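Observations on the model geometry
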Amino acid sequence: YGSINVHTFQGNYKLYTPESDTVYILNKESLIPADIIFRGRDAMPYNKYIDPLSVPGKYDIETIAETDDNYILMKRVVTSADLREYSPGRWGGIFESEDLFVIADKKNRRAAFIETVDDVFGIFPSDPEYLFSLLRYLEDGRISYPIDAITFLKMAGDAGVELKELVKFSTSPERLLALTPDCNPIIITFTIKDHIRIN
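All values derive from a computational prediction rather than experimental measurement. (Residues numbered from 1 in each chain as written. Predicted model: local features only at pLDDT ≥ 70, side-chain atom pairs only at ≥ 80, totals over all residues. Heavy atoms only, no water.)

1. Regarding the sheet that holds strand E10 (residues 142–147)
Condition: What makes two strands pair is DSSP finding at least two bridges between them. Each helix corresponds to a stretch of at least 4 residues labelled H or I by DSSP, and each strand to a stretch of at least 2 residues labelled E; elements are numbered beginning at the N terminus.
Pairing is antiparallel across the open sheet formed by 3 strands, whose spatial order is E9-E10-E11. Looking along the sheet, the strands with just one partner apiece sit at the ends: strand E9 (138–139) and strand E11 (186–191). Here E9 pairs with E10 via 2 bridges, running antiparallel. Looking at E10, one finds that Glu139 is bridged to Arg142.

Structure below.
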């Protein structure tokens, strides 16, 4: 359960290995240790046997993105597990889990659960997982999100927002006002400008 995962930051591929809690920079010849993300005492253990009844409540962490000041993480918590020993020493079964999203401050090492909401445009679906999925496109503090014009115009229409209201947020107002369903694709870019401090 859980896995090694890779994200990019400042032009480097960075690999997180949950079993050692270590973030490495990948280069051609070696792995360079760069940081520690300690998963905590209830994290899913590696390379040891545990009681199957203790699996619910255990979790793993995946690095999603990084900025100069923060890590953005996904915490996958096992909510239920139906595990069976099919033959001596061979276990299998079904897990159910919940994904929680976390932002961690690199400087003070504190973390907090986060939700993402569209309180600027008012057009994106209110589903926090949809908005948080955009952070998978985060690189060096910028989220560049490709979307087809038909979907964008439908989201704006469903939210009752006219394009002329969105012009003040656009770097290309003329293009935005000329947007039609035939304009595919469009790219929306957000920038995380400030250090998000966790107190």
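2. Describing the environment of Met155
Quick reminder of the rule: Contacts are assigned to residue pairs that have any heavy atoms within 4.5 Å of one another.
Residue position: Met155 is located in helix H2 (residues 149–158). Beyond its immediate sequence surroundings of up to four residues, Met155 is in contact with Ile123, Phe124, Pro125, Tyr130 and Ile147.

3. Side note on the packing of aromatic side chains
Basically, it comes down to this: The criterion for an aromatic pair is that two Phe, Tyr or Trp rings (for Trp, the six-membered ring) have centres within 6.5 Å, with stacked assigned to planes under 30 degrees apart, edge-to-face to planes over 60 apart and tilted to the rest. Placement of a positive charge over a ring is assigned whenever Lys NZ or Arg CZ falls within 6 Å of the ring centre and within 35 degrees of the normal to the ring plane.
According to the stated counting rule, one finds 4 aromatic pairs in the structure shown. Seen in terms of ring centroids, Phe121 and Phe190 are 5.7 Å apart; in terms of plane orientation they differ by 75°. Their pairing is edge-to-face. Of this pair, Phe121 sits in the loop between strand E8 (111–113) and helix H1 (128–133) while Phe190 sits in strand E11, and the two are 69 residues apart along the sequence. A connected cluster of aromatic rings, assembled from ring pairs, spans Phe121, Phe124, Phe169 and Phe190. When the ring centre of Tyr71 is taken as reference, the NZ or CZ atom of Lys106 above it lies at 5.0 Å.

4. Some thoughts on the nonpolar core
Stated precisely, the cut-off is as follows: Think of a nonpolar core as a cluster: buried Ala, Val, Leu, Ile, Met, Phe, Trp, Tyr and Cys residues, connected wherever their side-chain atoms sit within 4.5 Å. Working definition: with a 1.4 Å probe on protein chains only, accessible area under 20% of the residue-type maximum means buried, over 50% means exposed, and in between means partly exposed.
Of all hydrophobic cores here, the largest spans 29 residues; its most connected members are Ile72 and Phe152. If you list the elements that add at least two residues to this core, you get strand E5 (59–66), strand E6 (70–87), strand E7 (90–105), H1, E10, H2, helix H3 (163–166) and E11. Among the elements that line this core, the one with the most residues is H2, at 4 residues. Of all hydrophobic cores here, the second largest spans 11 residues; its members include Tyr59, Ile61, Val77 and Val102.

5. Brief notes about the pairing of E10
Here E10 shows a buried face lined by Ile143, Tyr145 and Ile147 and an unburied face lined by Arg142, Ser144 and Pro146. The antiparallel pairing of E9 with E10 creates a hairpin that spans 2 residues between the two strands, and Asp140 there sits at a positive phi of about 55°.

6. With respect to the pairing of E6
Bridging between E5 and E6 involves 7 bridges; their strand directions are antiparallel. Across the sheet, residue Glu62 finds its bridge partner in E6, namely Met74. In this antiparallel pair of consecutive strands, E5 and E6, the connection spans 3 residues. Joining the antiparallel neighbours E6 and E7 is a turn of 2 residues, in which Gly89 adopts a positive phi near 80°.

7. Examining unusual backbone geometry
Despite not being glycine, Gln10 has its phi angle at roughly 50°, a positive value. Looking at the secondary structure, you find Gln10 in the loop between strand E1 (5–9) and strand E2 (12–17).

8. With respect to the environment of Ile37
Following the sequence through the fold, Ile37 ends up in the loop between strand E4 (31–36) and E5. Its relative accessible area of 9% is what places Ile37 among the buried residues. Remark: the alpha-carbon pair of Ile37 and Leu73, spanning 36 residues in sequence, is separated by 9.9 Å. Here Ile37 is in contact with Tyr16, Asp21, Val23, Thr63, Tyr71 and Leu73, once residues within four sequence places are set aside.

9. Here we look at the sheet that holds E1
Rules: Under this scheme, a helix contributes an axis fitted over its contacting stretch, all axes are lines through C-alpha atoms, and angles between N-to-C directions fall in the 0 to 180 degree range.
Taking strand neighbours across the sheet as the criterion, the 4 strands line up as E1-E2-E3-E4 in an open arrangement whose pairing is antiparallel. Two strands bound the open sheet, and with one partner strand each, they are E1 and E4. The average angle at which neighbouring strand axes cross in this sheet is 35°, direction not considered. Where E1 and E2 come together, 5 bridges link them in antiparallel fashion. When the sheet's bridge partners are listed, Asn5 is paired in E2 with Tyr16.

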